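The primary structure of each chain is shown beneath.
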Amino acid sequence: MPNPARAALIDRLPKAELHLHIEGSLEPELLFELAQRNGVSIPFANVEAVRAAYSFSNLQDFLDIYYQGMSVLLTEQDFYDLTWAYLTRAAADTVRHVEIFFDPQGHTARGVAFETVLDGIERALIDGEAQLRISYRIIMCFLRHLSEEDAFSTLDQAQPYLDRIHGVGLDSSEVGHPPAKFVRVFAKARELGLHVTAHAGEEGPPEYVYEALDLLQVERIDHGNRALEDHALVARIAGEGLTLTVCPLSNLKLCVIKDMADSPVKRMLDLGLKATINSDDPAYFGGYVGANFRAVAEALDLSEAEIITLAENSFTGSFLPVLDQARHLAEIAEASRG
Ligand code: ADE
Ligand code: ZN
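In what follows, the accompanying structure is described. Owing to the predicted nature of the structure, the values given are computational and were not obtained by experimental measurement. (Residues numbered from 1 in each chain as written. Chains lettered and ligands numbered in written order. Predicted model: local features only at pLDDT ≥ 70, side-chain atom pairs only at ≥ 80, totals over all residues. Heavy atoms only, no water.)

1. Description of the coordination of the zinc ion (ligand 2)
Under ideal tetrahedral coordination, the four donors around a metal are separated by 109.5 degrees; under ideal octahedral coordination, the six donors are separated by 90 or 180 degrees. For clarity, the threshold we go by: Nitrogen, oxygen and sulfur within 2.8 Å of a metal are treated as its donors, or within 3.2 Å for sodium, potassium and calcium (Na, K, Ca); water is not counted, so a site can appear incomplete. By the criteria applied here, four donors are tetrahedral when all angles lie between 85 and 135 degrees, four are square planar and six octahedral when opposite donors are over 155 degrees apart and every other angle lies between 65 and 115, and any other arrangement is irregular.
All of the protein donors around the zinc ion (ligand 2) are His19 (NE2), His21 (NE2), His199 (NE2) and Asp280 (OD); their distances to the metal are 2.0 to 2.2 Å. Given 4 donor atoms and angles of 83 to 173° at the metal, the environment of the zinc ion (ligand 2) is assigned as irregular.

2. Topic: unusual backbone geometry
Condition: Runs of H or I in DSSP of at least four residues are treated as helices and runs of E of at least two as strands, each being numbered from the N terminus. The rule is simple: take the accessible area with a 1.4 Å probe, protein chains only, and divide by the maximum for that residue type; under 20% is buried, over 50% is exposed, in between is partly exposed.
One non-glycine residue, Ser172, lies in the positive phi region at around 80°. The topology assignment puts Ser172 in the loop between β4 (167-171) and α9 (183-191). Taking relative accessible area as the criterion, Ser172 reaches 6% and is therefore assigned buried. Even without being glycine, His223 reaches a positive phi, approximately 80°. Secondary-structure assignment places His223 in strand β6 (residues 220-223).

3. Quick notes on helix α15 (residues 289-300)
The condition that has to hold: To estimate the expected span of a helix, count its residues, drop one, and scale the result by 1.5 Å.
Under the 1.5 Å per step criterion, the end-to-end length of α15 is 16 Å for 12 residues, consistent within 8% with the ideal 16 Å. Of the residues making up α15, those classed as buried are Val289, Gly290, Ala291, Asn292, Phe293, Val296, Ala297 and Leu300. Immediately beyond the C-terminal end of α15, within one or two residues, lies Asp301, with a positive phi of roughly 50°.

4. Concerning the site of ligand 1
Cut-off, in case you're wondering: By convention in these notes, a residue is near a molecule or strand provided one of its non-hydrogen atoms lies within 4 Å of it. Methods summary: accessible areas were calculated by the Shrake-Rupley approach with a probe of 1.4 Å, and residue burial reflects only the protein chains presented. Any residue outside Ala, Val, Leu, Ile, Met, Phe, Trp, Tyr, Cys, Pro, Asp, Glu, Lys and Arg is labelled polar, Gly included; the first ten of those are nonpolar and the last four are charged.
Within the structure, ligand 1 sits among His21, Leu59, Phe62, Leu63, Tyr66, Asp171, Ser172, His199, Glu202, His223, Asp280 and Asp281. If ligand 1 stood free it would expose 260 Å²; the protein chains cover 100% of that surface. By residue number, the principal contributor to the shell around ligand 1 is helix α4 (residues 59-69), which donates 4 residues. Classifying every residue of the shell around ligand 1 by side-chain character gives 4 nonpolar, 4 polar and 4 charged.

5. A closer look at the sheet that holds strand β2 (residues 95-102)
Inclusion rule: Two strands form a pair only when DSSP identifies at least two bridges running between them. Between N-to-C directions, angles span 0 to 180 degrees; the directions come from axes that are lines fitted to C-alpha atoms, helices contributing only their stretch in contact.
Read across the sheet, 8 strands follow the order β1-β2-β3-β4-β5-β6-β7-β8 without closing on themselves; strand pairing throughout is parallel. Looking at strand neighbours, the two that pair on one side only are β1 (15-21) and β8 (274-277), the edges of this open sheet. Put simply, the sheet's adjacent strands are angled 25° from each other on average, direction ignored.

6. Quick notes on the packing of helix α16 (residues 304-316) against helix α17 (residues 322-336)
What counts is decided by this rule: Under this scheme an angle from 65 to 115 degrees is roughly perpendicular, one under 35 degrees roughly parallel, and one over 145 degrees roughly antiparallel; angles in between are oblique. We call a crossing left-handed when the near helix sits turned anticlockwise from the far one by less than a right angle, and right-handed when that turn is clockwise. Contact definition: two residues touch when any of their heavy atoms are within 4.5 Å.
Where α16 contacts α17, the two axes come as close as 9 Å, and the packing angle between them is 165°. Relative to α17, the element α16 is oriented roughly antiparallel. For the pair α16 and α17, the sense of crossing is right-handed. Contact with α16, carried on its side by Ile308, Ala311, Glu312, Phe315 and Thr316, involves Gln325, His328, Leu329, Ile332 and Ser336 of α17 and no other residues of that element. Counted by class, the contact of α16 with α17 contains 5 nonpolar, 4 polar and 1 charged residues.

It is worth stressing that arrangement in space is one thing and function is another; only the former is reported here.
The structure is reproduced here in structure tokens:
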């Protein structure tokens, strides 16, 4: 049964989103608009046909469509429009801070300049901060199905812009591409003063989560579902107070879980893990951060206290300075009182 008081609490709580691939927020309507604007042909007759194609049985199924969708993004204005569209939806969900992933290799490989991508995304984020009061960080992800050499060359291309990029992440096809493959790239990124995070334990085994911690020295774990299979790992993540960026609707759409009732969010909280709720690729998975909160809260019958904890975790797990985190926590306390 939908619980209106719980839904109202979810609506009004300030939130941070820590796991959002900006390319995964490309809605079919904008995909069509950009395809027309840029004269790019796409293998779909209309928006309904695109939505109908969004049925996935695993991560790779999705990634194939996700990379194809990117082909319409060519100009600085395209990246601006994409990011602005996301921000207006985030604002409607009371999101106050976003840490956005982007996949430079998905664009530079098609001949789009690194700078074009960054400029468009950042210009929208600057406007979002001024007009929507959403602060931001930008995280550049390495595509793990590509080589270490390719990742190094991407880090080289990013060097002139490091004052505008806050961290690095690791995404794309997980199984067969363990964190160990990128140990040297991440060491270099850390040396350059960048924050580090990595997708681990979405489809990959607990060993990949250990590698992300031990070899990449990540500050957060993106997804982390399969960490729950290993008690010692759970104890370590809890002990170190590491944040997990869980993505409930993504998990369901990519068959990481069979049913929303199997979402690990409540188990994680019960085990003392700092879980957060995120949308991952909202245009493909059926909902933004508010929809993810509502879906998981209904399926797991989360208490108001648990929902508040999830919102708090989103700020304490962010890369914001502690003083800013404290300001957001005070706003959460205020909003929790109704
Ligand atoms: N790229 C975009 N979304 C992703 C996900 N959920 N896992 C891995 N790579 C991704
Ligand atoms: Zn992701």
